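Spelled out, the chains give:
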Amino acid sequence: MSLEGLDARRAALDALYEVLWEKRLLSHVNRGALPLADAARAKRLTAEVLRHLGRLDAVLRPYLARRPNMAVQNILRLGAYELLLDGSGAHGIVNSAVALAKRHPRTARASGLVNAVLRKVAEDGPAAWEKTPPHPLPVWLRKPIGKAFGHDVLLAIEAAHQAGAPIDLTPKTDGVTVPGAQTLPTGSLRLSHGQVSALPGYAEGAWWVQDAAAALPVRLLGDVASASVLDLCAAPGGKTLQLAARGAAVTALDISEDRMARLRENLARTALSAQIVIADALEWNGGPFDAVLLDAPCSATGTIRRHPDLPFVKSAEEVETLTRLQMQMLDRAKDFLKPGGRLVYCTCSLLPNEGENQVKAALKRHDDLEMVPVDPVSLGGEPGWSGPEGGLRLRPDFWAGLGGMDGFYMALLQRR
């Protein structure tokens, strides 16, 4: 890649600084007025450097007498990523990295260092790269995940995070196909890559983007045709679309008007309908409903393979706050149920405190709630997905040969 890609690289460096120093989610980073192609490249470069950051630092470390400032580090990380994984010419990559260093007072004096180190990486880096393990999770995640699943599973999860995520689609009706897509055992369609809006069936609303794991909680409710269903924390709306496509009378509730705009767009594209409510679930009064689906706010640690910025931004303190909110929302969700009604609780988290432990505590608090054991095989899954308490525990290392899945916990409860 020649010097013409400097704008995308500079935007990637700015984004890396915002994620690693300012602790801002990549989705909240402002890339300015870049052309579409440069913005897309900057986003990809940023995400991939974050995904492989630990390995990149390990490869760079032998060539550095001491750690440089973060701005120089990020230039080296970006250059090393391009040299080792991006398939571009080494000469152009090194020259671009040096040019980037010279453009800022904080990095100009290190331009010679950048040149020397990246030339070494170009020569010796590939061999060193093969010997380094995937980027490790931070300690606040490693400890509870290792305790819950064991060290071998922890390493498998980290490897899954490094592999990234394919594109999964949920078909509106059975029998929908997309050229080049693989049909997964659970019914989702999987693509390795592609521009979603250009795929056949997008404009017609034949499907929507949704990870295969995220498509399962709705199916725990069984037949919802003509049932009144409340989708709590509905945005961005994949589960609302599923419920509506299955014939439910859906009320989609979320506190964020901005996030619900995407649901409105997808409802229009798919010609499906739902009642939209913008409100705080803890204060809103409605129902009662035949069923409630609560995809509770969580750490989103099950989605790191598609959001590699999360481990650098989230914290253990934030999880503590979220677990208290999840408890409150579970209690509120129960109040929206008719007697005999069904409640699905789910989180895209790998942490038991946001999944299994929340459900166990809720059952202790509420005598009128009971667990309904879920059979993963009936959903197209595997027996090993079952948790001992009756819910489903999905992990990124599952379906490794098919491209993995997001980490999720889900349980089906019933009001007596």
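Refer to the preceding data block for the structure.
Cut-offs applied
- Residues numbered from 1 in each chain as written.
- Predicted model: local features only at pLDDT ≥ 70, side-chain atom pairs only at ≥ 80, totals over all residues.
- Heavy atoms only, no water.
- Buried < 20%, exposed > 50% of the residue type's maximum accessible area, 1.4 Å probe, protein only.
- Helix = DSSP H or I, 4+ residues; strand = E, 2+ residues; numbered from the N terminus.
- Contact = heavy atoms within 4.5 Å.
- Phe/Tyr/Trp six-rings, centres within 6.5 Å; stacked < 30°, edge-to-face > 60°.
- Lys NZ or Arg CZ within 6 Å of the ring centre and 35° of its normal.
- Polar contact = N/O pair within 3.5 Å; in protein donor to acceptor, adjacent residues only side chain to side chain.
- Arc of directions from axis to C-beta.

K.L.:
I'd like a rundown of helix H3 (residues 53–60), residues and numbers included.
P.N.:
Among the eight residues of H3, six are classified as buried, and the element is accordingly described as predominantly covered. The secondary structure elements touched by the buried residues of H3 are helix H1 (6–20), helix H2 (36–51), helix H4 (70–85), helix H7 (111–131), helix H9 (151–163) and helix H12 (310–313).

K.L.:
Account for the packing of aromatic side chains, with residues named and values stated.
P.N.:
Within this structure, the stated rule accounts for six aromatic pairs. Each ring, one from Tyr202 and one from Trp207, has its centre 5.8 Å from the other, and the planes form 50°; the classification is tilted. Here Tyr202 falls in the partly exposed class, since its relative accessible area comes to 27%. Sitting above the plane of the Trp129 ring, Arg55 keeps its charged end 4.0 Å from the centroid. The ring centre of Trp207 lies 6.0 Å from the NZ or CZ of Arg269, which sits over that ring.

K.L.:
Account for the side chain of Arg393, with residues named and values stated.
P.N.:
Structurally, the position occupied by Arg393 is in strand E11 (residues 392–394). Residue class for Arg393 comes out buried when judged on its relative accessible area of 6%. A polar atom in the side chain of Arg393 sits 3.4 Å from the backbone oxygen of Phe408.

K.L.:
Kindly report on helix H8 (residues 139–149), identifying the contributing residues and their values.
P.N.:
For H8, the complete set of buried residues consists of Leu141, Ile145 and Phe149. One side of H8 holds all its buried residues, which, seen down the axis, span an arc of 25°. Away from the buried face of H8 by more than 90 degrees, exposed residues Val139, Lys143 and Lys147 are located. Structurally, H8 contributes buried residues whose contacts are with H9 and E11. Remark: Gly150 follows H8 within two positions and exhibits a positive phi of approximately 95°.

K.L.:
Got a sec to walk through the side chain of Asp86? Specific residues and values, please.
P.N.:
Note on placement: Asp86 falls in the loop between H4 and helix H5 (90–102). Judged by its relative accessible area of 18%, Asp86 falls in the buried class. Here the side chain of Asp86 touches Arg44 through a polar contact of 3.1 Å, side chain to side chain. In contact with Asp86, other than residues within four places in its own chain, are Arg41, Arg44, Leu45 and Tyr81.

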